[in-house]
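Structure at a glance
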Amino acid sequence: MTLPTHDPARNGEPSADDPSPHPLHRRLKSFVRRAGRTTEGQARAFAELGPLFLLPYQAAPLDIEAAFGRAAPTILEIGFGMGEATAHIAALMPEKNFLCCEVHEPGVGALLKRIGEQQLANIRICAHDAVDVVDHMLQPGMLAGVHVFFPDPWHKKRHNKRRLIQPLLVRKLAQRLAPGGYLHCATDWQPYAEQMLEVLQGEPLLRNMAADYAPRPDYRPLTKFENRGLKLGHGVWDLVFRRI
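In what follows, the accompanying structure is described. (Residues numbered from 1 in each chain as written. Predicted model: local features only at pLDDT ≥ 70, side-chain atom pairs only at ≥ 80, totals over all residues. Heavy atoms only, no water.)

1. Some thoughts on the overall build of the protein chain
Which entries qualify depends on this criterion: Runs of H or I in DSSP of at least four residues are treated as helices and runs of E of at least two as strands, each being numbered from the N terminus. Residue burial is assigned from relative accessible area. The probe radius is 1.4 Å, only protein chains are included, and a residue is buried under 20% of its type maximum, exposed over 50%, and partly exposed in between. Only heavy atoms enter the contact rule, under which two residues are in contact if any of them lie within 4.5 Å. With residues, only the protein chains shown are counted as cover, and all accessible areas are computed by Shrake-Rupley using a 1.4 Å probe.
Summing up its helical and strand segments, the protein chain has nine helices and seven strands in all. Residues counted as buried form 49% of the 244 residues belonging to the protein chain. Excluding contacts between residues fewer than 6 apart, the proportion of contacts in the protein chain whose partners are at least 24 apart in sequence is 82%. When the accessible surface of the protein chain is summed, it comes to about 12,200 Å², and 53% of that surface belongs to carbon and sulfur atoms.

2. Some thoughts on the side chain of Asn 208
Put simply, the rule reads: As used in this structure description, the phrase polar contact means that two N or O atoms lie within 3.5 Å; if the pair is within protein, one of them must be able to donate a hydrogen and the other to accept it, and residues adjacent in sequence are counted only when both atoms belong to side chains.
Tracing the chain through its elements places Asn 208 in strand β6 (residues 206-208). By relative accessible area, which is 17% here, Asn 208 ends up buried. Separated by 3.0 Å, the side chain of Asn 208 and the backbone nitrogen of Ala 210 make a polar contact. A distance of 2.9 Å separates the side chain of Asn 208 from the backbone oxygen of Asp 212, its partner in a polar contact. Not counting residues up to four positions away in its chain, the partners in contact with Asn 208 are Leu 197, Gln 201, Val 240 and Phe 241.

3. Concerning the packing of helix α2 (residues 40-53) against helix α5 (residues 105-118)
Counted only if it meets this: Between the N-to-C directions of two axes lies an angle of 0 to 180 degrees, each axis being a line fitted to C-alpha atoms and, for a helix, fitted only over the stretch in contact. Working rule for angles: under 35 degrees goes down as roughly parallel, over 145 as roughly antiparallel, 65 to 115 as roughly perpendicular, anything else as oblique. Following the grouping adopted for this structure description, the nonpolar residues are Ala, Val, Leu, Ile, Met, Phe, Trp, Tyr, Cys and Pro, the charged ones are Asp, Glu, Lys and Arg, and the polar ones are all others, Gly among them.
Orientation of α2 relative to α5, taken along the N-to-C sense of each, is 70°, at an axis distance of 8 Å. Between α2 and α5, the interaxial angle falls into the category roughly perpendicular. Judged by residue contacts, Gly 41, Gln 42, Ala 45, Phe 46, Leu 49, Gly 50 and Phe 53 of α2 engage Glu 105, Pro 106, Val 108, Gly 109, Ala 110, Leu 112, Lys 113, Ile 115 and Gly 116 from α5. Residues of the contact of α2 with α5, tallied by class, amount to nine nonpolar, five polar and two charged.

4. Comments concerning the environment of Tyr 192
Relative to the helices and strands, Tyr 192 resides in helix α8 (residues 190-201). C-alpha separation for the pair Tyr 192 and Pro 151, spaced 41 residues apart in sequence, amounts to 9.5 Å. Apart from residues lying up to four places away in sequence, Tyr 192 is in contact with Pro 151, Asp 152, Pro 153, Arg 163, Leu 164, Ile 165 and Thr 187.

5. Re the sheet that holds strand β4 (residues 143-149)
Threshold: Pairing between strands is defined by DSSP: at least two bridges between the two strands are required.
Taking strand neighbours across the sheet as the criterion, the seven strands line up as β3-β2-β1-β4-β5-β7-β6 in an open arrangement whose pairing is mixed. On the outer flanks of this sheet lie β3 (123-126) and β6, each paired with one strand and no other. For this sheet the average axis-to-axis angle between neighbouring strands, irrespective of direction, equals 20°. In this structure, β6 lies alongside strand β7 (residues 237-243), joined through three bridges in antiparallel fashion. Residue pairing in the sheet places Arg 207 in a bridge with Arg 242 of β7. Together, β1 (74-78), β4, β5 (177-187), β6 and β7 form the strand contacts of helix α7 (residues 167-176), whose direction differs from that of β5 by roughly 140°.

Put into structure tokens, the structure is as follows:
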């Protein structure tokens, strides 16, 4: 693997004079902070690989070619958990760039560790709220795809408004897709799958690639968590829409 050149500026944090988040961001976030312990291996990955693969959030358009050291179709992933599926897909598609957003520190450490173990050079991680990243760092038409796998379903009805897949964000994601680019969502909570289908079908920039729910694309692996759920009789729903 040819590692990217170490750029010390990539280790920086947002400065104190960064603009305040848009009011939308106080209502809708792409994450919920979870408690978790960073392991020794993850901490080592932060120290050794963080300077190479972590991108700081900045309220300015991202130069994809500079960030990845090449021009290539770029996939945005929102919320990668512990990075199992992310690393699998990135290994299958070395010709694509993967820009991955996650704020859960053990998850970021776990993906960095996988990057080192699997010698992956096509992943960059922004440990920041993806809503901010979409709003300020991504420009219209720059993405080849978006992955949103198993976002928090917010099971209680009174919390449904906190779900990530809502019309305003879907419109922004659709605008940032190049024509022919795709948005792939997956969930194991049927009421959320139904809401996703309704929201995505309501976005005029997107077209469903199936009659309703799509077969699981070959590139998306079954994670340990998902396998456990399937053995318990839980369903999983994939939705794949393309930018028209």
